[in-house]
Structure formats: structure tokens, C-alpha cells
Amino acid sequence: MGKQDDLQDGLCECAAVGWKEGVLHNLREGATPNGEGTGWAGETPLVCAAGSEKKQGEDGSDPLGCVEALLAAGADPNLPQSKDGVTPLCAAVARGHGDRVGLLLQRGADPGLANQRSGETPLSLAKAGGHQQIVEALVSALGGPATALAHASAPLRRSDMGRTCHDSLVMQRVAGN
């Protein structure tokens, strides 16, 4: 394993534990924000940061800052990792990290982009995980209830639409009732 492999692995590791200073160091040293860690079996740094189990501030971690630093360095918010087809947005949604979901959406993550292997969409993951605020954010990012229905593998209810749908008659029309 060479220096570049070490840098990439270090970048993925730092991103996974929410260590922003380590992420910035590895980027300055030449790690690439869209490269996969060799010892990380096809995982990308942005997926590692977006799906980090660490919560903001836990043990001094800053996973949101890691996501921000990687995006600022040119990480593609829609790049799936080769290992399993997971996108950064799907990783953040699956863990219920609303702050990271919001940042990824602001920076161009496609809310309709499904996992390339499983076919799960961010919306179906949010619904399955019971992440109501994330469901509402994704419905809004998708352009509202009518568009969101095409991206949900599970049934949606009016309550899933939150503030984006104020009239139950609209939902009935959208659902074809």
C-alpha cells in the first residue's frame, strides 16, 4: 500500500468518526474527496461522513463539518460507493441525520436517486426508519406530494407530507382516490 492509499484510507477513517481536522489534513496532503479507501472496501469519504454513527458534538466529533469539508473540496453529493451502491444522501437518511440530509440537499444531492443495488430511495428509507422530519424535507425537495409518490416504495399518508400538503383533498387527488 502506498502513500496515496494511506491518505485515502485515512480520509475515510476520519470521515467515519467525524474528525474534521483529520479530514482537512488528509485532503491537504493529497487525498481525493471522491476516491475510495482501499482498506475501506469501496467506501467513499462522503458516504462515511454522511452515515457516520457519531452524533454532532459527541466526543468532540463534527460529522456535519466533515460533510461540509468534503463537499467544499469537490466531493460529488450523488456519487454512490462501489461496494454497495449507497449514496451519501441514502447513508444520512438511513441513520436519521437530518442536519446532514439538509446540507446534502442544499449542495445538490438528488433526492430521487436510488441505491444502485437495492433500489431503495431516500424517501423509502426515511419512511421505513420513522424519520418524519426527513420525510417532509425529502417530499419538499422532490417538488411536493405528487412527485414524492413516484419515489416511495412504501405507502405515503397525508401526515407524511407535513407542511407541504395542507389540504387532504389534494392528497386524495394525488393518490388517485
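It should be emphasised that the depicted structure is a prediction, and the values quoted were computed from it without experimental measurement.

Each value, and the rule that gives it
- Residues numbered from 1 in each chain as written.
- Predicted model: local features only at pLDDT ≥ 70, side-chain atom pairs only at ≥ 80, totals over all residues.
- Heavy atoms only, no water.
- Helix = DSSP H or I, 4+ residues; strand = E, 2+ residues; numbered from the N terminus.
- Polar contact = N/O pair within 3.5 Å; in protein donor to acceptor, adjacent residues only side chain to side chain.
- Buried < 20%, exposed > 50% of the residue type's maximum accessible area, 1.4 Å probe, protein only.
- Arc of directions from axis to C-beta.
- Contact = heavy atoms within 4.5 Å.
- Core = buried A, V, L, I, M, F, W, Y, C linked by side-chain atoms within 4.5 Å.
- Salt bridge = Lys/Arg side-chain N within 4 Å of Asp/Glu carboxyl O.
- Axes fitted to C-alpha atoms, helices over the stretch in contact; angles between N-to-C directions.
- Parallel < 35°, antiparallel > 145°, perpendicular 65-115°, else oblique.
- Left-handed = near helix turned anticlockwise from the far one by under 90°.
- Nonpolar A, V, L, I, M, F, W, Y, C, P; charged D, E, K, R; others polar.

Draft legend 1. Up close: the side chain of Ser 124. By the secondary structure assignment, Ser 124 is in helix 7 (residues 122-129). Separated by 2.9 Å, the side chain of Ser 124 and the backbone oxygen of Thr 121 make a polar contact.

Draft legend 2. Helix 7, seen in detail. Those residues of helix 7 lying buried are Pro 122, Leu 123, Ser 124, Leu 125 and Ala 126. Two residues or fewer past helix 7, Gly 130 is found with a positive phi of approximately 70°.

Draft legend 3. View of helix 6 (residues 98-106). Within helix 6, burial applies to Arg 100, Val 101, Leu 103 and Leu 104. Buried residues along helix 6 cover an arc of 165° about the axis, so they all sit on one side. On its buried side, helix 6 packs onto helix 3 (45-50), helix 4 (63-72), helix 5 (88-95) and helix 8 (132-141). Looking one or two residues past helix 6, Gly 108 carries a phi angle of roughly 105°, positive in sign.

Draft legend 4. Representation of the nonpolar core. Ranked by size, the top nonpolar core spans 38 residues in total, and within it Val 23, Val 67, Leu 70, Val 93 and Leu 104 carry the most contacts. Broken down by secondary-structure element, the contributors of at least two residues to this core are helix 1 (3-17), helix 2 (20-29), helix 3, helix 4, helix 5, helix 6, helix 7 and helix 8. In this structure Leu 104 touches Leu 46, Ala 50, Val 67, Leu 71, Pro 77, Pro 88, Leu 89, Ala 92 and Ala 109, once residues within four positions along its chain are discounted.

Draft legend 5. A look at the pattern of salt bridges. Under the criterion given, the structure shown has six salt bridges. The salt bridge partner of Glu 29 is Lys 3, with a shortest N-O separation of 4.0 Å. Of the two residues, Glu 29 sits in helix 2 while Lys 3 sits in helix 1, which places them 26 residues apart along the sequence. What makes Glu 29 partly exposed here is its relative accessible area of 39%.

Draft legend 6. Quick peek at the packing of helix 4 against helix 6. One way to put it is that helix 4 packs onto helix 6 with a least axis distance of 10 Å and a crossing angle of 15°. Considered as vectors, helix 4 and helix 6 are oriented roughly parallel to each other. As helix 4 packs across helix 6, the resulting crossing turns out to be right-handed. Only Asp 99, Arg 100, Leu 103 and Leu 104 of helix 6 make contact with helix 4, whose side of the interface consists of Pro 63, Leu 64, Val 67, Glu 68 and Leu 71. For the contact of helix 4 with helix 6, the class distribution of residues is six nonpolar, no polar and three charged.

Draft legend 7. Just the packing of helix 7 against helix 8, in detail. Packing of helix 7 against helix 8 leaves a shortest axis separation of 8 Å and a crossing angle of 160°. Classified by the angle their axes make, helix 7 and helix 8 are roughly antiparallel. Read as a crossing pair, helix 7 and helix 8 show a hand that is left-handed. Contacts between helix 7 and helix 8 involve Pro 122, Leu 123, Ala 126 and Lys 127 on the former and, on the latter, Ile 134, Val 135, Leu 138 and Val 139. Broken down by class, the residue content of the contact of helix 7 with helix 8 amounts to seven nonpolar, no polar and one charged.

Draft legend 8. Representation of the environment of Gly 51 in the model. Position of Gly 51 relative to the elements: it lies in the loop between helix 3 and helix 4. The exposure class assigned to Gly 51 is buried, which follows from its relative accessible area of 14%. For Gly 51 and Pro 63, which are 12 residues apart along the polypeptide, the C-alpha to C-alpha distance reads 8.8 Å.

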